[in-house]
Amino acid sequence: FFVSQQPEARNVHQTKEFTRNLPPVWVDEKQLQQVFFNIIINAIQAMQDGGTLLLQTELVEVQGKEVVKVLIGDSGPGIKPEDLEAVFTPFFTTKTQGTGLGLAICRQLMEQQGGALTISSRLGEGTRVVINLPVSTDVPRI
């Protein structure tokens, strides 16, 4: 809802591919919301002339543990390889506005909760952010 209220989202088509009946994850809901919001706003701002925002979830196994994988992708111009190395560095930004703290904080929040945040990008093809969230072992599955 918050994302759709952004003026930049006007020309962005959303594709949602959510896996049903995912197990519960063990993360702070407000912090996760902050991470999603930041990454989605970055994606929308990267698609200044419109494009496609991909939101996808699935259950995967990473290093022998189940995690819920959340993929947020955009069809923007992509990130230069030399900039991709620096996107998690505090105060690094390629934008005219912002502090350059967003992705650094997002990664830190996910790692503090036992998750992970990675980013990949190709010039002319867009960017993909993958967030792996630890599945809660304390909650029985339905």
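The notes below deal with the structure included here. (Residues numbered from 1 in each chain as written. Predicted model: local features only at pLDDT ≥ 70, side-chain atom pairs only at ≥ 80, totals over all residues. Heavy atoms only, no water.)

## Structural notes on the layout of surface pockets
- A volume near 1000 Å³ is recorded for the largest pocket.
- Taken together, 32 residues line the largest pocket, and the ones lying closest to its centre are Asn42, Gln45, Thr93, Thr94 and Lys95.
- Counting residues per element, the ones that place at least two in the lining of the largest pocket are α1 (29–46), β3 (65–74), α3 (102–112) and β5 (126–134).
- Of all the elements, α1 adds the most residues to the lining of the largest pocket, at eight residues.
- Its residues assigned to classes, the lining of the largest pocket comprises 14 nonpolar, 14 polar and four charged. (1 Å grid on protein atoms, 1.4 Å probe; cavity = no way out; pocket = protein on both sides within 12 Å on 5 of 7 lines; lining within 4 Å. Points joined across faces, edges and corners; volume = space filled by probe spheres on them. Helix = DSSP H or I, 4+ residues; strand = E, 2+ residues; numbered from the N terminus. Nonpolar A, V, L, I, M, F, W, Y, C, P; charged D, E, K, R; others polar.)

## Concerning the nonpolar core
- Counting 29 residues, the largest nonpolar core has Ile39, Leu117 and Ile131 as its most contacted members.
- Counting residues per element, the ones that place at least two in this core are α1, β2 (51–62), β3, α3, β4 (116–122) and β5.
- Looking at this core, the element that brings in the most residues is α1, giving six residues.
- With residues near it in sequence (within four places) discarded, Ile39 still touches Ile72, Leu103, Cys106, Leu117, Val129 and Ile131. (Core = buried A, V, L, I, M, F, W, Y, C linked by side-chain atoms within 4.5 Å. Buried < 20%, exposed > 50% of the residue type's maximum accessible area, 1.4 Å probe, protein only. Contact = heavy atoms within 4.5 Å.)

## A few points about the packing of aromatic side chains
- Scanning the model with the defined rule gives zero aromatic pairs in all.
- The ring of Phe88 carries the charged tip of Arg107 above its face, separated from the ring centre by 3.6 Å. (Phe/Tyr/Trp six-rings, centres within 6.5 Å; stacked < 30°, edge-to-face > 60°. Lys NZ or Arg CZ within 6 Å of the ring centre and 35° of its normal.)

## What to know about the side chain of Thr57
- Relative to the elements of secondary structure, Thr57 occurs in strand β2.
- Sequence-distant contacts of Thr57, defined by excluding residues within four places in its chain, comprise Glu17, Phe18, Thr19, Leu22, Lys69 and Val70.

## A look at the environment of Leu71
- Relative to the helices and strands, Leu71 resides in strand β3.
- Linking Leu71 and Gly124, residues 53 residues apart in sequence, is a C-alpha distance of 19 Å.
- Residue contacts for Leu71: discarding those within four places in its chain leaves Leu54, Leu55, Gln56, Arg128, Val129 and Val130.

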